[in-house]
Amino acid sequence: MAHMIEDGRCFSVRQTPWHQQGKILDNPPTSAEALVQAGMDWTVSSMPLWAQKELDKPMLATPFCATVRDMDNKILGAVGKGYIPLQNVTAFGIFDPLIREGMLKYETAGVLCGGRRVWILARYTGEDFKINGKDQVSPYLLLCNGHDGRMGVIVQPTPIRVVCWNTLTASLAIGDYTHFIHTGDVEGKTKNTINKVMHSIEAIRQKVPVWSQWDELYLKPAEKHVFFTSMASLVKNPTEDHADELADNLENVIIDAADGAEVIDILQNDFEAMMKVEVDGRGKEEAKRGTLWTTYNTAIEWIDYVAGRRVKDQANYQMFGVGKWLRRGAEILAKGMHDLLTAE
């Protein structure tokens, strides 16, 4: 199924989303309407799992349960007996107070992986942020709920560069995003999360001065060359540890690049694709060519719109998979480059 969106269970406000599926709404929906329009107005139950070796043998009890979607009895996952399903209406109720006050507006939502994951993206209406007074970044909040036991509930800041719709990455340090699992007092955890949501917006606000500094820092050809080759290398091992290792080694690699080091063959295609995005990308009109901010956004656009096209499951790639960690890696590399070039 394209993009792993289940049977078109998705909506977007006023514009067609990247996956070209779902309903297009003229206006942001209420919370109740969002659940219906996204095809998420269903509940999940936990049922004991039994095992049977052969058809004529007795059923055996197991220490596990199945999460089952009540409307069609579809099994979504196998979980422990301490697992407590969190209904979609309760999970997305985290945003309800801010929706009622007009501080958030729903933009898109949908069902992934056959019902195993659901998400909703809301835009913060209080303010947009501008990099050096020009390049607009809008703050969004992404809320995800898993029903298969492999993912809990996540609320995280998701800033978007408006001119090219790049999904930037606010640093996922402790306190910048909220995550809890489906055990214990799940509804109590949900209520406590409401108080933490606005901290996620603050995480984006604190990034603006950093991004503005990147916008003033021009890279030499060798430095840009190294940033793009490091990103291409990161694709082969998209982990935070590898990004840290690449960032720590930037100075040595820049020296090699200045001496005329070539891009190794295995990275050549990705390197050339990023160079092409820099010239022809979506945000080129608003960008100051050659800055660290432009270079970083070139990498983000490549992650979202070039590398992302290689995978069938684009929605999962963007929100939970390799795309998410590549964006995090791009931020680590950009920070490392900034620190290296501005060190006294």
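This text follows the structure it describes.
What counts and what doesn't
- Residues numbered from 1 in each chain as written.
- Predicted model: local features only at pLDDT ≥ 70, side-chain atom pairs only at ≥ 80, totals over all residues.
- Heavy atoms only, no water.
- Helix = DSSP H or I, 4+ residues; strand = E, 2+ residues; numbered from the N terminus.
- Buried < 20%, exposed > 50% of the residue type's maximum accessible area, 1.4 Å probe, protein only.
- Phe/Tyr/Trp six-rings, centres within 6.5 Å; stacked < 30°, edge-to-face > 60°.
- Lys NZ or Arg CZ within 6 Å of the ring centre and 35° of its normal.
- Axes fitted to C-alpha atoms, helices over the stretch in contact; angles between N-to-C directions.
- Parallel < 35°, antiparallel > 145°, perpendicular 65-115°, else oblique.
- Left-handed = near helix turned anticlockwise from the far one by under 90°.
- Contact = heavy atoms within 4.5 Å.
- Salt bridge = Lys/Arg side-chain N within 4 Å of Asp/Glu carboxyl O.

Caption draft 1: Region of the structure containing unusual backbone geometry. In this structure, Asn 73 takes a positive phi of about 60 degrees despite not being glycine. With respect to the helices and strands, the residue Asn 73 is situated in the loop between strand E4 (60-69) and strand E5 (74-80). For Asn 73, a relative accessible area of 58% corresponds to the exposed category. With phi around 55 degrees, Cys 113 is a residue other than glycine that occupies positive phi space. Take Cys 113: it is sitting in the loop between strand E6 (104-112) and strand E7 (117-124).

Caption draft 2: Fine view of the packing of aromatic side chains. Tallied over the entire structure, the rule returns four aromatic pairs. With centroids separated by 6.3 Å and ring planes inclined at 75 degrees, the aromatic side chains of Phe 227 and Phe 228 adopt a geometry described as edge-to-face. Under the relative-accessibility criterion, Phe 227 is labelled buried at 1%. Among the residues examined, Phe 228 registers a relative accessible area of 0% and is labelled buried. Aromatic side chains Trp 293 and Tyr 296 sit 6.1 Å apart centroid to centroid with 40 degrees between the ring planes, which places their arrangement in the tilted category. Taken together, the residues span about one helical turn, with Trp 293 and Tyr 296 both in helix H11 (residues 292-306) at a distance of three residues. Residue class for Tyr 296 comes out buried when judged on its relative accessible area of 0%. Cluster of aromatic residues (ring-pair linked, three or more members): Trp 211, Trp 214, Trp 293 and Tyr 296. The ring of Trp 42 is capped by Arg 69, whose NZ or CZ atom sits 4.9 Å from the centre of that ring.

Caption draft 3: Seen up close, the packing of helix H7 (residues 221-236) against helix H8 (residues 240-248). Packing of H7 against H8 brings their axes to within 10 Å, and their N-to-C directions diverge by 155 degrees. In terms of orientation, H7 and H8 fall into the roughly antiparallel class. As for how H7 packs across H8, the hand of that crossing is right-handed. Judged by residue contacts, Ser 230, Ser 233 and Leu 234 of H7 engage His 242, Ala 243 and Leu 246 from H8.

Caption draft 4: Spatial organisation of the pattern of salt bridges. Within this structure, the stated rule accounts for six salt bridges. Between Arg 69 and Asp 72 there is a salt bridge, with its nearest N and O atoms 2.9 Å apart. Judged by relative accessible area, Arg 69 falls into the buried class, the value being 1%. With a relative accessible area of 37%, Asp 72 lands in the partly exposed category.

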